[in-house]
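Next come the chains, spelled out residue by residue.
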Amino acid sequence: MSESSAEAAVAAVASASEAAAGWRRATGLAGAAIGVIAAGAAAGVAIERMTVGRGMRQKARLALDSAGPYGSLRGTPGKAYADDGTELYYEVDDVDPESAPALSPRRRRLFGRKAPAPVTVVFSHGYCLSQDSWHFQRAALRGVVRTVHWDQRSHGRSARGVAQTQEGRHVDIEQLGRDLKAVIDAAAPEGPLVLVGHSMGGMTVMALADQYPELIRERVVATALVGTSSGRLGEVNFGLPVAGVNAVRRVLPGVLKALGQRAELVEKGRRATADLFAGIIKRYSFSSRDVDPAIARFAERMIEGTPIDVVAEFYPAFADHDKTEALALFADMPVLVLAGVGDLVTPSEHSEAIADPLPEAELVLVPDAGHLVMLEHPEVVTDRLADLLTRAGAVPAGATVSGYGSTSSTARRG
């Protein structure tokens, strides 16, 4: 970089910092966390500002929003109700009768004339996302196997948590496990189950197992845990230097509480500093440099769509999460444990710790992949998921998985 370019970059970073400082003044305590967390992304965003005007960036976002088909898949809608009355939204994609394989003679003998209940694959999404985060996997499995996609409480199309809005309680992972049980009871009350969870969704699956071990033993035939953790999340450094991560841990709970109480003002601040937040989201969602801009924008939209008070309600749950003992319930079934090597949110070491006590687990570590590995490298995730479903007998070996179903050479199996 030339001296003049370096000076321009410094000036641009200063401009970005000044913009963040304005929002910092408006939101008080929020500035401490924003300043620390934004550090890794600010330089890239600032350099982008040197070459691309705000109006151009706005037009680009609008173009990506209108052109990108991501998140457009819809199924048969349904509603489940959590134990506190929260309405949980889900959608079912049923097997296409024309593409479904005929019942084999062996299955006829075992089950008589009545066909057995179909296997249902239940997808649970992560923090600040929605069921649409499984877009590629849903497209590939559509019509091949029965699937249920649901939105966690206060996310996507599900209602705000009743316990949170009426009683002021934070969410805990145990509650999410009970929410998943309510969805299963409503959308898949009988038949074998395959549970698939990403990040917080994986923790939700573990919480379900911890509270309903008989359900796991009797009905669950396979499990996939993607970019998640069974505990010790308080040790994650998010790619920050020691001083930075210590500062974040010290101030973030109080910051989020303050932000949640000033949600309207904070949402205005998020809109005003959209470029800065886009850089932060990209840094903590993806690892590869050549992510499709439409995919990056899709992730950005989902995360932006999560209100700041919801972010605040959920955050404390992760520090308390520890479901290591519940992993034993998955020991006798096919399990896929998959993570991006560049994941800064739930580092791949956490996936290795999940796989270690599970003899039937396939550990897949994806190079050049971050936290949203199912969007960044959908072909790898779909390929390994299709293989898991075949091993579990959820789909016949000859079934065709469309879309991103080809084997990728970029994954490393542990």
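Check the entry above for the structure.
Nothing here was measured: the structure is a model prediction, and the numbers come from that model. (Residues numbered from 1 in each chain as written. Predicted model: local features only at pLDDT ≥ 70, side-chain atom pairs only at ≥ 80, totals over all residues. Heavy atoms only, no water.)

**Digging into the overall build of the protein**
The helix and strand inventory of the protein stands at 18 helices and nine strands. Here the protein holds 414 residues, and 53% of them are scored as buried. Of the roughly 18,400 Å² of accessible surface on the protein, 53% is carried by carbon and sulfur atoms. (Helix = DSSP H or I, 4+ residues; strand = E, 2+ residues; numbered from the N terminus. Buried < 20%, exposed > 50% of the residue type's maximum accessible area, 1.4 Å probe, protein only. Areas by Shrake-Rupley, 256 points an atom, 1.4 Å probe, with all protein chains shown as cover.)

**A look at the environment of Val345**
Along the polypeptide, Val345 turns up in the loop between strand S7 (335-340) and helix H16 (348-355). Residue classification places Val345 among the partly exposed positions, given a relative accessible area of 24%. Taking the C-alpha atoms as reference points, Val345 and Gly239, separated by 106 residues in sequence, lie 8.5 Å from one another. Dropping the residues within four chain positions of it, Val345 is found in contact with Leu233, Val236, Phe238, Tyr284 and His371. (Contact = heavy atoms within 4.5 Å.)

**A short note on the side chain of Thr306**
When you line up the elements, Thr306 lands in the loop between helix H14 (293-304) and helix H15 (308-320). Within the structure, Thr306 has its side chain in polar contact with the backbone oxygen of Cys128 (distance 3.1 Å). (Polar contact = N/O pair within 3.5 Å; in protein donor to acceptor, adjacent residues only side chain to side chain.)

**Notes on the nonpolar core**
Val194, Val196, Phe286, Leu338, Leu375 and Leu389 are the most contacted members of the largest nonpolar core, which has 44 residues in total. If you tally residues by element for this core, the top one is H14, at seven residues. If we skip the residues at most four places from it in the chain, Val194 touches Val119, Thr120, Val121, Val122, Val221, Ala222, Leu388, Leu389 and Ala394. By size, the runner-up hydrophobic cluster in this structure holds 37 residues, among which are Val183, Ile216, Val337 and Leu365. (Core = buried A, V, L, I, M, F, W, Y, C linked by side-chain atoms within 4.5 Å.)

**Details of the pairing of strand S5 (residues 193-198)**
The two faces of a sheet get side chains in turn, since along a regular strand they alternate between them. Most of S5 is tucked away: six of the six residues are buried. The alternating pattern of S5 places Leu193, Leu195 and Gly197 and Val194, Val196 and His198 on opposite faces, both of which are buried. Examined bridge by bridge, S5 and strand S6 (residues 220-226) share six bridges and lie parallel to one another. Bridged to Gly197 within S6 is Leu225. (Pairing = 2+ DSSP bridges.)

**Quick look at helix H8 (residues 173-187)**
For H8, with 15 residues, the first-to-last C-alpha span of 21 Å sits near the 21 Å given by 1.5 Å per residue. In terms of burial, H8 is largely enclosed, as 11 of its 15 residues are buried. Turning to H8, its buried residues number three or more, namely Ile173, Gln175, Leu176, Gly177, Asp179, Leu180, Lys181, Ala182, Val183, Ile184 and Ala187. (Expected span 1.5 Å × (residues − 1).)

**Overview of the packing of aromatic side chains**
Going through the model one piece at a time under the given rule, you end up with five aromatic pairs. Their ring planes at 65 degrees and their centres at 4.8 Å tell us that Tyr127 and Phe318 sit as a pair that is edge-to-face. One end of the pair, Tyr127, is in the loop between strand S3 (120-124) and helix H6 (135-141); the other, Phe318, is in helix H15, and 191 residues separate them in sequence. Through pairs of rings, three or more aromatic residues link up here, namely Tyr70, Phe136 and Phe298. Here the basic side chain of Lys181 rests over the ring of Tyr212, its NZ or CZ set 5.2 Å away from the ring centre. A cation over a ring is seen here: Arg283 above Tyr284, with NZ or CZ 5.4 Å from the ring centre. (Phe/Tyr/Trp six-rings, centres within 6.5 Å; stacked < 30°, edge-to-face > 60°. Lys NZ or Arg CZ within 6 Å of the ring centre and 35° of its normal.)

**Observations regarding the pattern of salt bridges**
Close approach of charged atoms allows side chains of opposite charge to pair. Considering all chains together, one arrives at 23 salt bridges under this definition. For the salt bridge of Arg74 with Glu91, the shortest nitrogen-to-oxygen distance reads 2.8 Å. With Arg74 in the loop between helix H4 (54-67) and strand S1 (76-81) and Glu91 in strand S2 (residues 87-93), this residue pair connects regions lying 17 residues apart in the sequence. Note that Glu362 and Arg391 form a salt bridge whose closest N and O atoms lie 3.9 Å from each other. Residue Glu362 is located in strand S8 (residues 361-366), and its partner Arg391 is located in helix H18 (residues 378-391); the two are separated by 29 residues in the primary sequence. Within the structure, one salt-bridge network assembled from shared partners comprises Arg74, Glu91, Asp93, Asp132, Arg138 and Arg142. (Salt bridge = Lys/Arg side-chain N within 4 Å of Asp/Glu carboxyl O.)

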